[in-house]
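This is what each chain is made of:
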Amino acid sequence: MDLKQHIRNVPDFPKAGILFYDITTLLKDPQGFKMTIDMLATPYSGQGIDAVVGIESRGFILGAAVAQRIGAGFIPIRKPGKLPARALKETYDLEYGKDALEIHEDAIDKGQRILIVDDVLATGGTAAAAVQLVRKLGGELHGLAFLIELLFLNGKQKIAGEKVFSLLQY
C-alpha cells in the first residue's frame, strides 16, 4: 500500500503559501492506519522505551497507538494552557509564526527512555521544543519518529544529533 496516496494535500492552510499534509484521510482507512502504526512502531519494539511523548494534536493519535503497540506509556505535550497541573513551557518558531508547548512537570521520571512521535517534521521547531522539554525533565531521549518529513525545510538541522525516523519524505 502506498501511504502517500492516502494523504490529502490542502493548499494555503493554515495560511497562504503553506501546503498542509492532511493525514485524516489516511487515519480513516483501517488498513492504512494499521500499516502506519505497524511501520512507526516496528523500529522501537523491544527497545525498552518507557513512554512515548505525542505532540498535540495529530501526534496524540499516532503516539498513543505506537505506545500501545510497543508496551509503553503515553505522555501528551500540549499547547499552552491545556494541561491541568503545573507544567514546563518551551517556545519555538514555526514556518509561519511562533508557538509554545507544555508538559506536566511530573510527566517524566529522571532516566526514563522516551520516544517522541508526531505526524510531520517540517522546520524542526516543534520537535526541538519537545526534545528540550523531555531533557528538562530528565528523560533519556531514544529518538523521534514522524509519519512525514518535509525534506525541503531541513527540519533535522534543529534536532541535529538525534535519532530520527520518518516513514514518508516529501
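The rules behind these values
Residues numbered from 1 in each chain as written. Predicted model: local features only at pLDDT ≥ 70, side-chain atom pairs only at ≥ 80, totals over all residues. Heavy atoms only, no water. Helix = DSSP H or I, 4+ residues; strand = E, 2+ residues; numbered from the N terminus. Rg over C-alpha atoms; globule rule 2.2 N^0.38 Å. Buried < 20%, exposed > 50% of the residue type's maximum accessible area, 1.4 Å probe, protein only. Areas by Shrake-Rupley, 256 points an atom, 1.4 Å probe, with all protein chains shown as cover. Lys, Arg positive; Asp, Glu negative; His and termini not counted. Charge placed at Lys NZ, Arg CZ, Asp CG, Glu CD. Pairing = 2+ DSSP bridges. Axes fitted to C-alpha atoms, helices over the stretch in contact; angles between N-to-C directions. Contact = heavy atoms within 4.5 Å. Core = buried A, V, L, I, M, F, W, Y, C linked by side-chain atoms within 4.5 Å. Phe/Tyr/Trp six-rings, centres within 6.5 Å; stacked < 30°, edge-to-face > 60°. Left-handed = near helix turned anticlockwise from the far one by under 90°. Nonpolar A, V, L, I, M, F, W, Y, C, P; charged D, E, K, R; others polar.

Student: Looking at this model, I keep getting lost on the overall build of the protein chain. Mind explaining?
Tutor: The number of helices and strands found in the protein chain is four helices and nine strands. Over its C-alpha trace the protein chain gives a radius of gyration of 15 Å, about what one expects of a compact globule, namely 15 Å for 170 residues. Seen through its C-alpha atoms, the protein chain measures out along the principal axes to roughly 40 × 35 × 30 Å. Out of the 170 residues belonging to the protein chain, those deemed buried represent 48%. About 8200 Å² of surface is accessible on the protein chain, with carbon and sulfur atoms providing 50% of the total. Taken together, the 20 basic and 20 acidic charged side chains of the protein chain have centroids lying 1 Å from each other.

Student: Help me out: how do you make sense of the sheet that holds strand β4 (residues 73–77) in this one?
Tutor: Two modes of strand pairing occur in sheets, parallel and antiparallel, and in both the strands are linked by backbone hydrogen bonds. Ordered in space as β4-β3-β7-β8-β9, the five strands form an open sheet in which the pairing is parallel. What marks the edges here is a single partner per strand, and that holds for β4 and β9 (164–169). On average, each strand axis in the sheet is inclined to that of its neighbour by 20 degrees, with strand direction left out of account. Bridging between strand β8 (residues 140–149) and β9 involves five bridges; their strand directions are parallel. Considered in β9, the bridge of Phe-146 is made with Ser-166. Running at roughly 150 degrees to β9, helix α2 (residues 30–41) makes contact with β8 and β9 of the sheet.

Student: What is the right way to read the nonpolar core from this model?
Tutor: Generally speaking, a soluble globular protein has its nonpolar side chains buried in company with each other. Of all hydrophobic cores here, the largest spans 28 residues; its most connected members are Val-52, Leu-62, Val-66, Ile-70, Leu-115, Leu-147 and Ile-148. Listing elements by their share of this core, those giving two or more residues are α1 (24–27), α2, α3 (58–70), β7 (113–121), β8 and β9. Among residues more than four places away in sequence, those in contact with Ile-70 are Ala-41, Tyr-44, Ser-45, Ile-49 and Val-52. The next biggest cluster of nonpolar side chains, apart from the first, holds 24 residues, and it includes Ala-51, Ile-75, Ile-114 and Phe-146.

Student: Please explain the packing of aromatic side chains as it appears in this structure.
Tutor: Ring pairs (aromatic) are described by centroid distance and by the angle formed between their planes. By the definition in use, this model includes four aromatic pairs. Between Tyr-21 and Tyr-170 the ring centres are 4.5 Å apart and the planes differ by 40 degrees, which places this aromatic pair in the tilted class. Here the residue Tyr-21 occupies a position in strand β2 (residues 19–22), and Tyr-170 occupies one in the segment after β9, the gap between them amounting to 149 residues. For Tyr-21, a relative accessible area of 9% gives the class buried. Classification of Tyr-170 as partly exposed rests on a relative accessible area of 24%. Taken together, a centroid distance of 6.4 Å and an interplanar angle of 75 degrees make the contact between Tyr-44 and Phe-165 edge-to-face. Note that Tyr-44 is positioned in the loop between α2 and β3 (51–55) and Phe-165 in strand β9, a separation of 121 residues in sequence. By relative accessible area, which is 25% here, Phe-165 ends up partly exposed.

Student: What is the right way to look at the environment of Ile-148 in this model?
Tutor: Within the secondary structure layout, Ile-148 lies in strand β8. Residue classification places Ile-148 among the buried positions, given a relative accessible area of 0%. Along the sequence, Ile-148 and Ser-57 sit 91 residues apart, while their C-alpha atoms lie 15 Å from each other. Sequence-distant contacts of Ile-148, defined by excluding residues within four places in its chain, comprise Ile-7, Tyr-21, Ile-23, Asp-119, Val-120, Leu-121, Leu-168 and Tyr-170.

Student: Looking at this model, I keep getting lost on the packing of α2 against α3. Mind explaining?
Tutor: Helix packing for two helices is described by the angle between their axes and how far apart those axes are. Orientation of α2 relative to α3, taken along the N-to-C sense of each, is 65 degrees, at an axis distance of 9 Å. For the element pair α2 and α3, the recorded crossing hand is right-handed. Contacts from Phe-33, Lys-34, Thr-36, Ile-37, Asp-38, Leu-40 and Ala-41 of α2 reach α3 at Ile-61, Leu-62, Ala-65, Val-66, Arg-69 and Ile-70. Broken down by class, the residue content of the contact of α2 with α3 amounts to nine nonpolar, one polar and three charged.

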